[in-house]
Amino acid sequence: MPPATGGLADHTSNLAAALAEHRDVRVLTSTGASPDTRFEVKAEVSDWHDAAEVEAAVHACAPGAALLWQYVPHMYGRGGVNRAVPTLVERFRRQGRRQVLIAHEIMAPLHWKPHWLAYALWHRLAWRRLRRSVDAVGVSTEGWISHWRSHWADVPGGDVFLLPSPSNFPLVTVPPDHRTLWRTELGLSPQTKVLAYFGTLNAAKQPDWVFAAWRAARSAGIPTALAVIGGKPSPVLTPEEEPFYRPLGFLDAGAVSRALQAVDLLLLPFSDGVAERRTTVTAGLAHGTPILTTVGPSTGETLRAARFLRSVEAADPGAFQREAVRLLASEPELEGISSLAQEAYHEAYSWQVVARRLVARLP
């Protein structure tokens, strides 16, 4: 919860607001969190490792109410190890409470380093305990659901369902000539095509693929700029490239919305493939931004077959470059993707959809 920013904090705030349209909602969170006029915030937990403290806070906050757990192991303890959380979930089950778990992450991969291996094994044990004790699990990645069902078929538990992570950036109203105005503000001509990257910068998001695709478009004779939203990388550029590179850094929500409505193509080449947990993807869909991404182990059948975005295999950087060039040269196709993207968001990935799926599983 705020004043923390990004990721789980924004998700929790928006989720609680969406649920508050259906039910009385109280958010129990860590000390120091800010109040919210849309729902009640109880910022009372100082130590999530202290089972007695957390249990007392839950009973004081919402005696007898259904519990909705936000589960990201690393948010609860070093290495994602927290013995109190699975113990409390088991205890609340014995007390007859209905509980739903939102699984944004489950476990770290197995690793040869001893301490990393210990964390990964603990995550697996904790997941089995949680799975047995909750009434339903909302998983934020479709690809994970089929994978885990085969690996934990022996673990009894409640309903497992897809619960995507919607956009944390509200759509702002822009004028009809917004794309031209936005380019002018950035010192670009109205005819310039704009590729964009959105999100934090790390190896798993393969920003080098983005720069390679931009250079491929320019080599193909398409006047193309690159805007980076969320970071300010400093690549080595040629004198010809420098006037067309715009590292915008972190922007407020309104500026992000305006940028997403102005760019031609959003490049999101995840090393593990696109998934419903990626809020940069759902933000693009919500804004009708054409997206080029990758498919990999985290990608479920729905996104693999989606017509509302374009994708290539996560192991093929050359195909990513070729597809970016092809799309930039096809304005009608980009317009078609844009229309389908917003339609798909409202049908399957919005906060209203998420709230309805959760309300159906809560008393």
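Along every chain, residues carry numbers that run from 1 in the direction the sequence is written. A pLDDT threshold of at least 70 governs which residues receive local features in this predicted model, and a stricter bar of 80 or more applies before side-chain atom pairs are shown or counted, although totals over entire chains, interfaces and linings include all residues. To obtain the side-chain values, all non-hydrogen atoms of the structure were used and water was disregarded.

Mind showing me how you'd approach the packing of aromatic side chains here?
The geometry of an aromatic ring pair is captured by two quantities: the separation of the ring centres and the angle between the planes. For this analysis, a ring pair means two rings from Phe, Tyr or Trp (six-membered ring only for Trp) whose centres lie within 6.5 Å, classed as stacked if their planes differ by under 30 degrees, edge-to-face if by over 60, and tilted for the remaining angles. Inspection of the entire model under this criterion finds six aromatic pairs. Ring geometry for W209 against F320: centres 5.5 Å apart, planes inclined by 55 degrees, an arrangement best described as tilted. One end of the pair, W209, is in helix α8 (residues 207–219); the other, F320, is in helix α12 (residues 317–328), and 111 residues separate them in sequence. Taking the centre distance of 6.0 Å and the plane angle of 65 degrees together, the rings of F308 and Y349 count as edge-to-face. Taken as a pair, F308 in the loop between α11 (301–304) and β12 (310–313) and Y349 in helix α13 (residues 331–349) lie far apart in primary sequence, 41 residues in all. A run of H or I in DSSP counts as a helix once it spans at least four residues, and a run of E counts as a strand once it spans at least two, with each numbered from the N terminus.

Sorry if this is basic, but what is going on with the nonpolar core here?
The nonpolar side chains of a soluble globular protein tend to be buried with one another. Throughout, nonpolar core names a set of buried Ala, Val, Leu, Ile, Met, Phe, Trp, Tyr and Cys residues whose side chains join them through atoms within 4.5 Å. For every residue, the accessible area obtained with a 1.4 Å probe (protein chains only) is divided by the maximum for its type, and the residue is called buried under 20%, exposed over 50%, and partly exposed between those limits. In this structure, W182, V281, L285, F308 and L358 are the most contacted members of the largest nonpolar core, which totals 53 residues. Once residues within four sequence positions are removed from consideration, V281 is found in contact with L268, F270, V274, I291 and L309. In terms of nonpolar packing, the next biggest core, distinct from the first, is built from 31 residues, V54, A57, F92 and V134 among them. By definition in these notes, contact holds between two residues if any of their heavy atoms fall within 4.5 Å.

Got a minute to help me understand the packing of α8 against α12 in this structure?
For any two helices packed against each other, one specifies the inter-axial angle together with the distance between the axes. Between α8 and α12, the least distance of the axes is 9 Å, while the angle of their chain directions is 45 degrees. Considered as vectors, α8 and α12 are oriented oblique to each other. Viewed along their axes, α8 and α12 form a crossing whose handedness is right-handed. Listed contacts from α12 to W209, A212, A213, A216 and A217 of α8 are P317, F320, Q321, A324, V325 and L328. In the scheme used here, Gly and all other residues not listed as nonpolar or charged are polar, with Ala, Val, Leu, Ile, Met, Phe, Trp, Tyr, Cys and Pro taken as nonpolar and Asp, Glu, Lys and Arg as charged. Considering only residue class, the contact of α8 with α12 consists of 10 nonpolar, one polar and no charged. To define axes, lines are fitted to C-alpha atoms, for helices over the stretch in contact only, and angles between the resulting N-to-C directions are given on a 0 to 180 degree scale. Angle categories are assigned with fixed cut-offs, so that under 35 degrees is roughly parallel, over 145 is roughly antiparallel, 65 to 115 is roughly perpendicular, and the rest are oblique. Helix crossings are classified by the rotation of the near helix relative to the far one: an anticlockwise turn of less than a right angle makes the crossing left-handed, while a clockwise turn makes it right-handed.

That's the geometry; what it means functionally is another story.
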